[in-house]
Amino acid sequence: MTINDALHRLLLDNLTTATLLLDSQLCLEYMNPAAEMLLAVSGQRSHGQFISDLFTESPEALSSLRQAVEQAHPFNKREAVLTSVTGQTLTVDYAVTPLFSKGETLLLLEVHPRDRLLRITKEEAQLSKQETTKLLVRGLAHEIKNPLGGIRGAAQLLSRELPNEELKDYTNVIIEEADRLRNLVDRMLGSNKLPSLAMTNVHEVLERVANLIEAEAQGSITLVRDYDPSIPDLLIDREQMIQAVLNIVRNAMQAIAGQKHDMGLGRISLRTRTLRQFTIGHTRHRLVVKVEIIDNGPGIPPELQETIFYPMVSGRADGTGLGLAITQNIISQHQGLIECESHPGHTVFSIFLPLEQGATTP
């Protein structure tokens, strides 16, 4: 290998863009470390393998690659969905550039992952909505609680002046309804108490929730545990986190209870995994814990999916619409993130919590 070849190899190896080189038969000649990380394969072990052994897209995409070799015609593709050998789906943009070397046409593939960008964009929009909602609710709560205090105080004074005890039933109704509205507003605002952080095993939290739900469901649902036992303890508020997860699982149980299952019992799965180099807001964490609550219920109506974390938004006639808003507030206080994906028969709530304290700003 010449000095120039070594320099070119060094440059490619240190690119953050996933880069692959294919021969005229669409077999792998070279893959840089960024591509290895993206596709979760070893470049050395994959050398000489056909492109479909690394990832699959569609027969049309394979034909386009063959055509690029035959006609030496470059092309770009946007938001292509690739399936890696591990079964993971990736949304990417890629550029294909034919290269002529030693009498053979090679293909240079530059792959740009879109999943992270799309997720960060969605996350930033969610955080912005959350802050806007907080300001709106706090302003509304202030305007509601002030007159409520006056109404309650006036009812108490009036009750003392009434000559007939029976008439006090009416003032008691005023006082009780004022208290009910005040409590509702307080729940909308969420707790002002800071989390009481302590090193806690996340599976202890999930097991507590699972035991509560199994007692409530009384065998009407199947609860599945899929834990990663290697996850270390987290610095969280145990009681608040139990409440956050319980709100989600109880919603799932109630959604399942509201439909008929022709294929057996309803199912709720609790799954834990770790993710590396995950960005929450503007902070990149070396390691985060991902907690998923998955159910096979009817799903969240499409018109509600963008607003389910807003206070007073509920898909049930008897729902208060505060459970998910409280959950989001708790997760936010832990510098975490909550996301939801839903379609009929499959709803996933994902909670991301930083595991390591050493975070960097990307």
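The preceding data block contains the structure.
The structure contained in this document is the topic of the report that follows. The residue count restarts for each chain, going from 1 along the sequence in the order it is written. In view of the model being predicted, local features appear only for residues whose pLDDT reaches at least 70, and side-chain atom pairs are presented and counted only at 80 or more, with totals across whole chains, interfaces and linings using the full set of residues. Only hydrogens and water are set aside when side-chain values are computed; all heavy atoms of the structure are taken into account.

This paragraph deals with the overall build of the protein chain. Looking only at helices and strands, the protein chain has nine helices and 14 strands in total. Sorting the 362 residues of the protein chain into buried and exposed places 40% on the buried side. Considering only intrachain contacts with a sequence separation of at least 6, the fraction spanning at least 24 residues in the protein chain is 62%. Surface exposure here means Shrake-Rupley accessible area, sampled with a 1.4 Å probe, where a residue is shielded only by the protein chains that are shown. For the protein chain, the exposed area adds up to about 20600 Å²; of that, 54% sits on carbon and sulfur atoms. Secondary structure counts use DSSP, requiring at least four H or I residues in a row for a helix and at least two E residues in a row for a strand, with both numbered from the N terminus. Using a 1.4 Å probe on the protein chains alone, a residue whose accessible area is under 20% of its type maximum counts as buried, one over 50% counts as exposed, and one in between counts as partly exposed. Every residue pair with non-hydrogen atoms within 4.5 Å of one another is taken to be in contact.

The next thing to look at is the sheet that holds strand S5 (residues 89-101). Where strands meet in a sheet, backbone hydrogen bonds hold them as pairs that are either parallel or antiparallel. Two strands are said to pair when DSSP picks up at least two bridges between them. As summarised here, the arrangement of the six strands in space is S2-S1-S6-S5-S4-S3, forming an open sheet in which the pairing is antiparallel. One side of each edge strand has no neighbouring strand; the edge strands of this open sheet are strand S2 (28-31) and strand S3 (55-56). Strand direction decides the pairing type here: S5 and strand S6 (residues 104-113), joined by ten bridges, are antiparallel. Directly across from Tyr94, in S6, lies its bridge partner Val111.

Let us now look at helix H4 (residues 59-71). Residue count minus one, scaled by 1.5 Å, sets the expected span of a helix. Between the first and last C-alpha of H4 there are 18 Å, a value that for 13 residues agrees with the 18 Å anticipated at 1.5 Å per step. Here H4 has its buried residues at Ala61, Leu62, Leu65, Ala68 and Val69. Relative to the axis of H4, the buried residues are bounded by an arc of 115 degrees and lie together on one face. Looking at H4, the residues exposed on the side facing more than 90 degrees away from the buried face are Pro59, Glu60, Glu70 and Gln71. Buried residues along H4 sit against strand S4 (75-84), S5 and S6. Positioned one or two residues after H4, Ala72 has a phi angle of 50 degrees, which is positive. This arc corresponds to the set of directions leading from the helix axis out to the C-beta atoms.

A few words now on the nonpolar core. Ranked by internal contacts, the top residues of the largest apolar core, which has 41 residues, are Val245, Val249, Ile268, Ile293, Ile308, Phe349 and Ile351. If you tally residues by element for this core, the top one is helix H8 (residues 238-257), at ten residues. In this structure, Ile268 is in contact with Ile221, Thr222, Leu223, Val224, Val249, Ala252, Met253, Ile256, Ile293, Ile294 and Asp295, ignoring residues within four places of it in sequence. The nonpolar core is taken to be a set of buried Ala, Val, Leu, Ile, Met, Phe, Trp, Tyr and Cys residues, with the residues joined through side-chain atoms within 4.5 Å. The next biggest cluster of nonpolar side chains, apart from the first, holds 29 residues, and it includes Leu20, Ile51, Ala61 and Ala68.

For the rest of this paragraph, the subject is H8. If you check H8, its first and last C-alpha atoms are 28 Å apart, about what 20 residues at 1.5 Å a residue would give, namely 28 Å. By the burial criterion, the buried members of H8 are Gln240, Met241, Ile242, Ala244, Val245, Leu246, Asn247, Ile248, Val249, Ala252, Met253 and Ile256. Its side-chain oxygen 3.2 Å from the backbone nitrogen of Glu239, Asp237 forms the N-cap of H8. Counting of polar contacts relies on pairs of N or O atoms within 3.5 Å, with two restrictions inside protein: one atom must be capable of donating a hydrogen and the other of accepting it, and residues adjacent in sequence are counted only when both atoms are side-chain atoms.

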